[in-house]
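Spelled out from the first residue to the last, the chains are:
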Amino acid sequence: MPRWTPGARERLRTAALELFAERGFSATTVPDIVDRAGLTRRTFFRHFSDKREVFFGDDEVPAIATRLLAEAPADLPPMVIVQEGLRTLGERRFDPRRAEIRAARRVIDAEPALLERDLRKQADLRRAVRDGFVLRGADPVTAETIAAVTAEVFQTALLTWLDDTRDAPLAEHVDAAVDRMRTVLGVSRPRSASSTPRTDRPASAP
(Lines give C-alpha, C1' and ligand atoms only; values in the text may rest on other atoms or scores of the structure.)
Protein backbone atom coordinates (compact mmCIF):
# COMPACT_ATOMS: atom_id res chain seq x y z
CA MET A 1 0.00 0.00 0.00
CA PRO A 2 1.42 3.44 -0.90
CA ARG A 3 2.37 5.80 1.91
CA TRP A 4 -0.22 8.34 0.76
CA THR A 5 -3.63 7.25 -0.49
CA PRO A 6 -5.68 9.85 -2.38
CA GLY A 7 -9.00 10.52 -0.69
CA ALA A 8 -8.10 8.38 2.33
CA ARG A 9 -9.53 10.80 4.88
CA GLU A 10 -12.93 10.96 3.22
CA ARG A 11 -12.96 7.20 2.64
CA LEU A 12 -12.31 6.64 6.33
CA ARG A 13 -14.94 9.18 7.34
CA THR A 14 -17.54 7.63 5.03
CA ALA A 15 -16.77 4.12 6.27
CA ALA A 16 -16.95 5.25 9.90
CA LEU A 17 -20.30 6.99 9.49
CA GLU A 18 -21.74 3.94 7.74
CA LEU A 19 -20.59 1.65 10.53
CA PHE A 20 -21.71 3.98 13.29
CA ALA A 21 -25.18 4.03 11.72
CA GLU A 22 -25.25 0.25 11.34
CA ARG A 23 -23.68 -0.86 14.63
CA GLY A 24 -23.55 2.18 16.88
CA PHE A 25 -20.54 4.23 17.89
CA SER A 26 -19.42 2.09 20.83
CA ALA A 27 -19.61 -1.18 18.91
CA THR A 28 -17.52 0.09 16.01
CA THR A 29 -13.73 -0.28 16.24
CA VAL A 30 -10.91 1.30 14.30
CA PRO A 31 -10.11 -2.10 12.65
CA ASP A 32 -13.76 -2.21 11.52
CA ILE A 33 -13.43 1.22 9.95
CA VAL A 34 -10.19 0.57 8.11
CA ASP A 35 -11.47 -2.79 6.89
CA ARG A 36 -14.59 -1.14 5.46
CA ALA A 37 -12.51 1.62 3.87
CA GLY A 38 -9.91 -0.80 2.47
CA LEU A 39 -7.08 1.01 4.23
CA THR A 40 -4.69 0.36 7.13
CA ARG A 41 -4.64 1.28 10.82
CA ARG A 42 -1.54 3.34 10.15
CA THR A 43 -3.45 5.36 7.55
CA PHE A 44 -6.32 5.89 9.99
CA PHE A 45 -4.05 7.24 12.72
CA ARG A 46 -2.28 9.47 10.24
CA HIS A 47 -5.60 11.31 9.82
CA PHE A 48 -7.39 10.83 13.18
CA SER A 49 -6.15 10.38 16.74
CA ASP A 50 -9.17 8.20 17.60
CA LYS A 51 -12.62 7.41 16.25
CA ARG A 52 -14.18 10.48 17.92
CA GLU A 53 -12.00 12.67 15.73
CA VAL A 54 -13.90 11.40 12.69
CA PHE A 55 -16.45 14.01 13.79
CA PHE A 56 -14.24 16.67 15.29
CA GLY A 57 -10.74 16.31 13.88
CA ASP A 58 -11.05 18.98 11.20
CA ASP A 59 -13.27 21.53 12.92
CA GLU A 60 -12.14 24.80 11.39
CA VAL A 61 -15.17 26.85 12.41
CA PRO A 62 -13.48 28.80 15.27
CA ALA A 63 -10.55 29.72 13.01
CA ILE A 64 -12.93 30.79 10.25
CA ALA A 65 -14.90 32.90 12.74
CA THR A 66 -11.69 34.58 13.89
CA ARG A 67 -10.75 35.44 10.32
CA LEU A 68 -14.19 36.75 9.39
CA LEU A 69 -14.27 38.99 12.46
CA ALA A 70 -10.84 40.36 11.67
CA GLU A 71 -11.83 41.12 8.07
CA ALA A 72 -15.27 42.64 8.74
CA PRO A 73 -15.60 46.41 8.16
CA ALA A 74 -15.07 48.43 11.33
CA ASP A 75 -18.39 50.30 11.11
CA LEU A 76 -20.71 47.25 10.97
CA PRO A 77 -22.93 46.62 14.02
CA PRO A 78 -22.02 43.45 15.93
CA MET A 79 -25.16 41.47 15.06
CA VAL A 80 -24.78 42.30 11.37
CA ILE A 81 -21.25 40.88 11.55
CA VAL A 82 -22.54 37.80 13.37
CA GLN A 83 -25.39 37.21 10.94
CA GLU A 84 -23.21 37.69 7.87
CA GLY A 85 -20.51 35.44 9.30
CA LEU A 86 -22.94 32.63 10.10
CA ARG A 87 -24.50 32.92 6.65
CA THR A 88 -21.05 32.62 5.10
CA LEU A 89 -20.26 29.55 7.20
CA GLY A 90 -23.51 27.98 6.12
CA GLU A 91 -23.04 28.58 2.42
CA ARG A 92 -19.45 27.47 2.19
CA ARG A 93 -18.94 25.00 5.03
CA PHE A 94 -22.26 23.38 5.91
CA ASP A 95 -24.67 23.35 2.95
CA PRO A 96 -22.36 21.28 0.71
CA ARG A 97 -22.07 18.62 3.47
CA ARG A 98 -25.69 18.45 4.62
CA ALA A 99 -26.11 14.66 4.24
CA GLU A 100 -22.84 13.94 6.04
CA ILE A 101 -23.63 16.37 8.86
CA ARG A 102 -27.10 14.90 9.30
CA ALA A 103 -25.65 11.40 9.58
CA ALA A 104 -23.02 12.58 12.04
CA ARG A 105 -25.61 14.44 14.13
CA ARG A 106 -27.68 11.28 14.60
CA VAL A 107 -24.64 9.45 15.95
CA ILE A 108 -23.55 12.34 18.19
CA ASP A 109 -27.01 12.73 19.71
CA ALA A 110 -27.04 9.05 20.69
CA GLU A 111 -23.59 8.98 22.31
CA PRO A 112 -22.90 10.87 25.59
CA ALA A 113 -19.13 10.98 25.04
CA LEU A 114 -19.66 12.64 21.67
CA LEU A 115 -22.18 15.10 23.08
CA GLU A 116 -19.57 16.21 25.61
CA ARG A 117 -17.03 16.76 22.85
CA ASP A 118 -19.64 18.62 20.82
CA LEU A 119 -20.21 21.01 23.73
CA ARG A 120 -16.48 21.67 23.84
CA LYS A 121 -16.60 22.49 20.14
CA GLN A 122 -19.40 24.98 20.76
CA ALA A 123 -17.33 26.53 23.55
CA ASP A 124 -14.40 26.90 21.15
CA LEU A 125 -16.59 28.90 18.76
CA ARG A 126 -17.91 31.06 21.58
CA ARG A 127 -14.35 31.78 22.75
CA ALA A 128 -13.23 32.68 19.23
CA VAL A 129 -16.12 35.13 18.80
CA ARG A 130 -15.51 36.69 22.21
CA ASP A 131 -11.81 37.17 21.54
CA GLY A 132 -12.52 38.50 18.06
CA PHE A 133 -14.84 41.22 19.35
CA VAL A 134 -12.37 42.16 22.09
CA LEU A 135 -9.79 42.69 19.36
CA ARG A 136 -12.34 44.86 17.54
CA GLY A 137 -12.53 47.10 20.64
CA ALA A 138 -15.50 45.70 22.57
CA ASP A 139 -15.21 45.54 26.33
CA PRO A 140 -14.94 41.95 27.69
CA VAL A 141 -18.49 41.77 29.06
CA THR A 142 -20.01 43.01 25.80
CA ALA A 143 -17.83 40.64 23.81
CA GLU A 144 -18.91 37.72 26.00
CA THR A 145 -22.56 38.67 25.51
CA ILE A 146 -22.17 38.82 21.72
CA ALA A 147 -20.38 35.46 21.77
CA ALA A 148 -23.16 33.86 23.81
CA VAL A 149 -25.81 35.17 21.43
CA THR A 150 -23.78 33.99 18.44
CA ALA A 151 -23.47 30.47 19.83
CA GLU A 152 -27.20 30.22 20.56
CA VAL A 153 -28.23 31.61 17.17
CA PHE A 154 -25.90 29.20 15.42
CA GLN A 155 -27.11 26.15 17.36
CA THR A 156 -30.76 27.06 16.82
CA ALA A 157 -30.19 27.59 13.10
CA LEU A 158 -28.20 24.38 12.80
CA LEU A 159 -30.87 22.26 14.47
CA THR A 160 -33.70 23.66 12.37
CA TRP A 161 -31.55 23.31 9.23
CA LEU A 162 -30.90 19.64 9.95
CA ASP A 163 -34.63 19.01 10.50
CA ASP A 164 -35.73 20.97 7.43
CA THR A 165 -37.33 18.60 4.89
CA ARG A 166 -37.29 21.41 2.30
CA ASP A 167 -33.48 21.46 2.43
CA ALA A 168 -33.44 25.25 2.64
CA PRO A 169 -29.91 26.68 3.02
CA LEU A 170 -28.48 27.28 6.48
CA ALA A 171 -28.40 31.02 5.78
CA GLU A 172 -32.21 31.03 5.72
CA HIS A 173 -32.30 29.41 9.14
CA VAL A 174 -29.70 31.85 10.47
CA ASP A 175 -31.87 34.75 9.34
CA ALA A 176 -34.93 33.19 10.98
CA ALA A 177 -33.07 32.60 14.25
CA VAL A 178 -31.80 36.18 14.35
CA ASP A 179 -35.27 37.58 13.57
CA ARG A 180 -36.82 35.39 16.26
CA MET A 181 -34.27 36.62 18.79
CA ARG A 182 -35.01 40.25 17.89
CA THR A 183 -38.75 39.63 18.23
CA VAL A 184 -38.33 38.06 21.67
CA LEU A 185 -36.11 40.93 22.85
CA GLY A 186 -38.23 43.62 21.18
CA VAL A 187 -35.29 44.87 19.12
CA SER A 188 -35.87 46.49 15.74
CA ARG A 189 -34.11 45.05 12.73
CA PRO A 190 -31.24 47.16 11.32
CA ARG A 191 -29.95 47.10 7.79
CA SER A 192 -28.60 43.55 7.69
CA ALA A 193 -26.30 41.42 5.62
CA SER A 194 -29.22 39.30 4.44
CA SER A 195 -30.92 42.29 2.81
CA THR A 196 -27.92 43.99 1.21
CA PRO A 197 -25.55 43.05 -1.62
CA ARG A 198 -22.86 40.70 -0.37
CA THR A 199 -20.04 41.65 -2.68
CA ASP A 200 -17.78 42.63 0.23
CA ARG A 201 -17.77 39.15 1.77
CA PRO A 202 -14.21 37.89 2.35
CA ALA A 203 -13.21 35.66 -0.56
CA SER A 204 -10.90 33.64 1.64
CA ALA A 205 -13.69 32.01 3.65
CA PRO A 206 -14.21 28.28 2.87
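Residues numbered from 1 in each chain as written. Predicted model: local features only at pLDDT ≥ 70, side-chain atom pairs only at ≥ 80, totals over all residues. Heavy atoms only, no water.

1. Quick look at the packing of aromatic side chains
Consideration 1: Applying the stated criterion across every chain yields a total of 8 aromatic pairs.
Consideration 2: Aromatic pair Phe44 and Phe48: ring centres 5.4 Å apart, planes at 45°, arrangement tilted. In terms of burial, Phe44 and Phe48 fall into one category: buried.
Consideration 3: Between Phe55 and Phe56, the aromatic rings sit 6.0 Å apart at their centres with planes inclined by 50°, giving tilted as the arrangement. Summarising the burial analysis for this pair, Phe55 and Phe56 share the class buried.
Consideration 4: Three or more aromatic residues joined by ring pairs form one cluster here, namely Phe20, Phe25, Phe55 and Phe56.
Consideration 5: Positioned above the aromatic ring of Phe25, the side-chain terminus of Lys51 is 4.5 Å from the ring centre. (Phe/Tyr/Trp six-rings, centres within 6.5 Å; stacked < 30°, edge-to-face > 60°. Buried < 20%, exposed > 50% of the residue type's maximum accessible area, 1.4 Å probe, protein only. Lys NZ or Arg CZ within 6 Å of the ring centre and 35° of its normal.)

2. A word on unusual backbone geometry
Consideration 1: Within the chain, Asp167 stands out as a residue other than glycine whose phi angle is a positive 60°.
Consideration 2: Positionally, Asp167 belongs in the loop between α9 (140–163) and α10 (170–185).
Consideration 3: On the accessibility criterion, Asp167 (40% relative accessible area) is partly exposed. (Helix = DSSP H or I, 4+ residues; strand = E, 2+ residues; numbered from the N terminus.)

3. Describing the side chain of Asp175
Consideration 1: Relative to the elements of secondary structure, Asp175 occurs in helix α10.
Consideration 2: Here the side chain of Asp175 touches Gln83 through a polar contact of 2.7 Å, side chain to side chain. (Polar contact = N/O pair within 3.5 Å; in protein donor to acceptor, adjacent residues only side chain to side chain.)

4. Focus: the confidence of the model for the protein
Consideration 1: Confidence in the prediction for the protein averages 87 pLDDT; 87% of positions are at 70 or higher.
Consideration 2: Low pLDDT (under 50) marks residues 192–206, which in the prediction has 34 contacts with non-local residues, meaning those over four places away or in another chain. (pLDDT = per-residue confidence, 0-100. Contact = heavy atoms within 4.5 Å.)

5. With respect to the side chain of Asp118
Consideration 1: Along the chain, the position of Asp118 falls in helix α8 (residues 112–135).
Consideration 2: Excluding residues that lie within four positions of it along the chain, Asp118 makes contacts with Phe56, Arg105 and Ile108.

6. Observations regarding the nonpolar core
When a protein is soluble and globular, its nonpolar side chains tend to lie buried together.
Consideration 1: The biggest cluster of nonpolar side chains holds 30 residues, and the ones touching the most others in it are Leu86, Phe94, Val129, Phe133, Trp161 and Leu170.
Consideration 2: For this core, the leading source of residues is α9, giving 9 residues.
Consideration 3: In this view, Phe133 contacts Leu69, Pro78, Ile81, Val82, Ala138, Ala143 and Ile146; residues no more than four positions away in its chain are not counted.
Consideration 4: Core analysis: the next-biggest nonpolar cluster, separate from the first, contains 22 residues, Ala15, Ala104, Val107 and Ile108 among them. (Core = buried A, V, L, I, M, F, W, Y, C linked by side-chain atoms within 4.5 Å.)

7. Concerning a nonpolar patch on the surface
Consideration 1: Together, Val184, Leu185 and Val187 make up an exposed nonpolar region whose accessible area comes to about 310 Å².
Consideration 2: Positionally, Val184 belongs in helix α10. (Patch = residues over 30% accessible without salt bridge, like charges linked within 9 Å, V, L, I, M, F, W, Y side chains within 5 Å. Areas by Shrake-Rupley, 256 points an atom, 1.4 Å probe, with all protein chains shown as cover. Salt bridge = Lys/Arg side-chain N within 4 Å of Asp/Glu carboxyl O.)

8. Some points on helix α5 (residues 61–71)
Consideration 1: Turning to α5, its buried residues are Val61, Pro62, Ile64, Ala65, Leu68 and Leu69. The buried side chains of α5 occupy one side of the element, clustering within an arc of 160° when seen end-on. Opposite the packed face of α5, turned more than 90 degrees from it, sit the exposed residues Ala63 and Ala70.
Consideration 2: Packed against the buried residues of α5 are α6 (78–94) and α8. (Arc of directions from axis to C-beta.)

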